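Inside the fold
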Amino acid sequence: MEQEDNKKFVYTYSSAEEKRAEQLYKTYQLSDDRFESAEKIDKRIVTKGKLSAVLICVVGVILIIVAIICITDLSETWFWPGLLIGISGLVNIVSGVFVGQLTIKLKRRLNASDVLNKLSK
C-alpha cells in the first residue's frame, strides 16, 4: 500500500515541447497536470486569431484583383479609382497580419482568468 502512494507520474518533453510548455506556464501560470487542457484552449485562441488574419488578407487580395482589372482592362476613367482600390487592398493585407496578432494577444488576456478557473476545478 505504501509503495502505491509513493508512485508519481513524471512528464518528459522534447526541447520544442518544453519551450511550448514553459510559454504556457508563463501565460496561464499552470501546474504540470493541467498542461493538456491549457494547450487545447491556447490552440483555439491561436486558430481564431489566424482565421481573422486570413479573412482580412483574402479581402485585401480581392481588392487588389479588382484594382488590377480597373487599371488594365477598363477605360482611362477607372485608372485612379483602381489605384485607390489597390492601395486599400495593400493596406488591408498588411493590417490583417497585425489584427491577427492583436486578436491572439487580447484573447489570451481575456481568457487567462477563465482558463485558471476551469483548470482549478
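The shown structure was predicted, so the numbers you read here are calculated from the model rather than taken from an experiment. (Residues numbered from 1 in each chain as written. Predicted model: local features only at pLDDT ≥ 70, side-chain atom pairs only at ≥ 80, totals over all residues. Heavy atoms only, no water.)

Before going further, it helps to spend a moment on the overall build of the chain. Of the regular secondary structure elements, the chain holds 4 helices and 0 strands. Starting at the N terminus and walking to the C terminus, you meet the elements of the chain as α-α-α-α. Here the chain, with 121 residues, has 24% of them falling under the buried criterion. A fraction of 60% describes how many contacts in the chain between residues 6 or more apart in sequence connect residues 24 or more apart. (Helix = DSSP H or I, 4+ residues; strand = E, 2+ residues; numbered from the N terminus. Buried < 20%, exposed > 50% of the residue type's maximum accessible area, 1.4 Å probe, protein only. Contact = heavy atoms within 4.5 Å.)

Mapped onto the elements of the fold, Asn92 is located in helix H4 (residues 79-120). Residue contacts for Asn92: discarding those within four places in its chain leaves Ile56, Val59, Gly60 and Leu63.

What follows deals with the environment of Ile45. Relative to the assigned elements, Ile45 resides in helix H3 (residues 35-72). Residue Ile45 is classed as buried on the basis of its relative accessible area, which comes to 4%. Along the chain, Ile45 and Asn111 lie 66 residues apart, while their C-alpha atoms are 8.8 Å from each other.

Side chains of Lys40, Arg44, Lys48 and Lys107 sit close together on the surface and give a patch of like positive charge. For the positive patch, the element with the highest residue contribution is H3, accounting for 3 residues. Position of Lys48 relative to the elements: it lies in helix H3. (Patch = residues over 30% accessible without salt bridge, like charges linked within 9 Å, V, L, I, M, F, W, Y side chains within 5 Å. Areas by Shrake-Rupley, 256 points an atom, 1.4 Å probe, with all protein chains shown as cover. Salt bridge = Lys/Arg side-chain N within 4 Å of Asp/Glu carboxyl O. Lys, Arg positive; Asp, Glu negative; His and termini not counted. Charge placed at Lys NZ, Arg CZ, Asp CG, Glu CD.)

This brings us to the packing of aromatic side chains. Aromatic rings in a pair are described by how distant their centres are and how their planes are angled relative to each other. Within the structure shown, the criterion is met by 1 aromatic pair. Measuring from ring centre to ring centre gives 5.1 Å for Phe79 and Trp80, while their planes differ by 85 degrees; the resulting arrangement is edge-to-face. Judged by relative accessible area, Phe79 falls into the partly exposed class, the value being 33%. (Phe/Tyr/Trp six-rings, centres within 6.5 Å; stacked < 30°, edge-to-face > 60°.)

Right, let's talk about the pattern of salt bridges for a bit. Close approach of charged atoms allows side chains of opposite charge to pair. If you walk through the whole model with that rule in mind, you get 1 salt bridge. The salt bridge involving Asp42 is made with Arg108; its shortest N-O contact spans 2.9 Å. Note that Asp42 is positioned in helix H3 and Arg108 in helix H4, a separation of 66 residues in sequence.

We now examine the confidence of the model for the chain. Chain-level statistics for the chain give a pLDDT mean of 78 and a share of 74% at 70 or above. Mean pLDDT values for the elements of the chain range from 52 in helix H1 (residues 2-6) up to 87 in H3. (pLDDT = per-residue confidence, 0-100.)

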